[in-house]
Amino acid sequence: MDWTKFIFLFINTLFVLIGLLLQLTGFFFALVPSYFLAPALNSVSKNDSMFYSLPKSEDEILSLPFMYEFGLGLIYLGLFLFLISLLGCVLSLFEQWCTFRKYFYLYYVFALNILIVAQLVAFILFCKTNSVLHQNIISTLKSKYKEQYQEKGTDAFSKTVNLVQVYFRCCAIDEKDFATHVHLFVCRKATAGCYTKISEVIQKNKIYAEVTHYILIFLQMIEVILAIVLYLRKEQKPAREALSLRKITKKQIKTSHKSQKSIPEVVAPNNSLNDLTATPSFDDVLTSI
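Residues numbered from 1 in each chain as written. Predicted model: local features only at pLDDT ≥ 70, side-chain atom pairs only at ≥ 80, totals over all residues. Heavy atoms only, no water.

Observations concerning the UniProt feature "transmembrane region" (unreviewed entry) in the protein
Taking the numbering used here, the UniProt-annotated feature "transmembrane region" (unreviewed entry) corresponds to residues 7-32, 74-94, 106-126 and 211-232. Helix makes up 96% of residues 7-32 and strand 0%. Its end C-alpha atoms lie 36 Å apart. In residues 74-94, the share of helix is 100% and the share of strand is 0%. The end C-alpha atoms are 30 Å apart. (UniProt positions renumbered as here; feature names shortened; annotations may be inferred. Helix = DSSP H or I, 4+ residues; strand = E, 2+ residues; numbered from the N terminus.)

Put into structure tokens, the structure is as follows:
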């Protein structure tokens, strides 16, 4: 059994499943946010709902700031990871029928390296709360909050934002927005901006995300190494076959020379050739008569 190919197939199969799981999670974040906010809706007291609007059921939770974009990012990441890993599985199982397998190996290594770098950069930017990524997200959320949010709004966006503000005891987006929205009834128990509050919750549980992330990066690096090993093995195989064929040819030539030397030479009798080529004389003819 070729253990290199077996491990390569196993890790790629694992990442195919992870890619599908990421796509499914992203789908729920982007299109079914009620799946994650339903517990919050059930735990929030609705006694003060006359002062602000809340969703009456899970069906009204249709969107949440940044949740759609985050879910879309998970879908793209899962799809890219799924396609790369599926290519690795195909190379492992059907490489003897892949005419251009060496090019597929090169594409696989190149695409996986890009994915590793992108994951590292995105994770670093996400972990640093003052990074460009967070600044852009905050700016986008502030614009959307300012344009669409109303404390007693009947739209799904306002109701969902109220649910988040009550559940997390936060107000608006960050501290600056929080200072300008303290007059809202929904913000009376708030202690910070919602983005700041949620970021603090994420930072407290960041260790689990870091461990999971670096394990995935480690497995992907192993995939790159195994793909390079399999690629080099396929490149060296024709050279080894040509070398062995050359050795076989040389051996056959030596064997043929030895067999030719071992054949005994047939030597004609001394006078046989003369007898065949000699012309009979006139006396010999008379004698024979």
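Text resumes after the structure shown.
Here we look at the environment of Leu163
Looking at the secondary structure, you find Leu163 in helix H6 (residues 156-168). Apart from the residues lying within four places of it in its own chain, the contact partners of Leu163 are Leu37, Ala40, Leu41, Val44, Leu54, Pro55 and Ile61. (Contact = heavy atoms within 4.5 Å.)

Let's talk about the packing of aromatic side chains
The tally for this structure, following the rule as stated, stands at twelve aromatic pairs. Taken together, Phe27, Phe28, Phe29, Tyr35, Phe36 and Phe70 form an aromatic cluster joined through their ring pairs. (Phe/Tyr/Trp six-rings, centres within 6.5 Å; stacked < 30°, edge-to-face > 60°.)

Examining the state of the cysteines
The final tally for this structure, using the stated rule, is two disulfides. Between the sulfur of Cys170 and that of Cys194 lies a disulfide, 2.1 Å long from S to S. Note on the Cys170 and Cys194 pair: the S-S dihedral is about 85 degrees, so by sign convention the disulfide is right-handed. One end of the pair, Cys170, is in the loop between H6 and helix H7 (175-180); the other, Cys194, is in helix H8 (residues 194-204), and 24 residues separate them in sequence. Given the relative accessible area of 0%, Cys170 is considered buried. The exposure class assigned to Cys194 is buried, which follows from its relative accessible area of 7%. At a sulfur-sulfur separation of 2.0 Å, the disulfide partner of Cys171 is Cys187. (Disulfide = S-S within 2.5 Å. Buried < 20%, exposed > 50% of the residue type's maximum accessible area, 1.4 Å probe, protein only.)

A look at the environment of Ser57
In this structure, Ser57 sits in the loop between helix H2 (34-43) and helix H3 (67-94). Taking C-alpha positions, Ser57 is 8.0 Å from Leu41, a pair spaced 16 residues apart along the chain.

A few points about helix H5 (residues 132-148)
Compared with the 24 Å implied by 1.5 Å per residue over 17 residues, the 24 Å span of H5 between its first and last C-alpha is a close match. Buried within H5 are the following residues: His134, Ile137, Ile138, Leu141 and Tyr145. Looking down the long axis of H5, one finds its buried residues gathered within 100 degrees of arc, a one-sided arrangement. Of the residues in H5, the exposed ones pointing more than 90 degrees away from the buried face are Val132, Thr140, Lys146 and Glu147. (Expected span 1.5 Å × (residues − 1). Arc of directions from axis to C-beta.)

Comments concerning the packing of H5 against H6
Here H5 crosses H6 at 120 degrees, and the two axes come no closer than 10 Å. As the angle between them shows, H5 and H6 are arranged oblique. The handedness of the crossing between H5 and H6 comes out as left-handed. Where H5 approaches H6, its residues Lys144, Tyr145 and Gln148 are matched on the opposing element by Phe157, Ser158, Val161 and Gln165. Split by residue class, the contact of H5 with H6 holds three nonpolar, three polar and one charged. (Axes fitted to C-alpha atoms, helices over the stretch in contact; angles between N-to-C directions. Parallel < 35°, antiparallel > 145°, perpendicular 65-115°, else oblique. Left-handed = near helix turned anticlockwise from the far one by under 90°. Nonpolar A, V, L, I, M, F, W, Y, C, P; charged D, E, K, R; others polar.)

Considerations on a nonpolar patch on the surface
On the surface, Leu21, Leu24, Phe27, Leu31 and Tyr68 cluster together into a nonpolar patch covering about 500 Å² of accessible area. The greatest single-element share of the nonpolar patch, amounting to four residues, is contributed by helix H1 (residues 3-31). Among the residues examined, Leu31 registers a relative accessible area of 52% and is labelled exposed. (Patch = residues over 30% accessible without salt bridge, like charges linked within 9 Å, V, L, I, M, F, W, Y side chains within 5 Å. Areas by Shrake-Rupley, 256 points an atom, 1.4 Å probe, with all protein chains shown as cover. Salt bridge = Lys/Arg side-chain N within 4 Å of Asp/Glu carboxyl O.)

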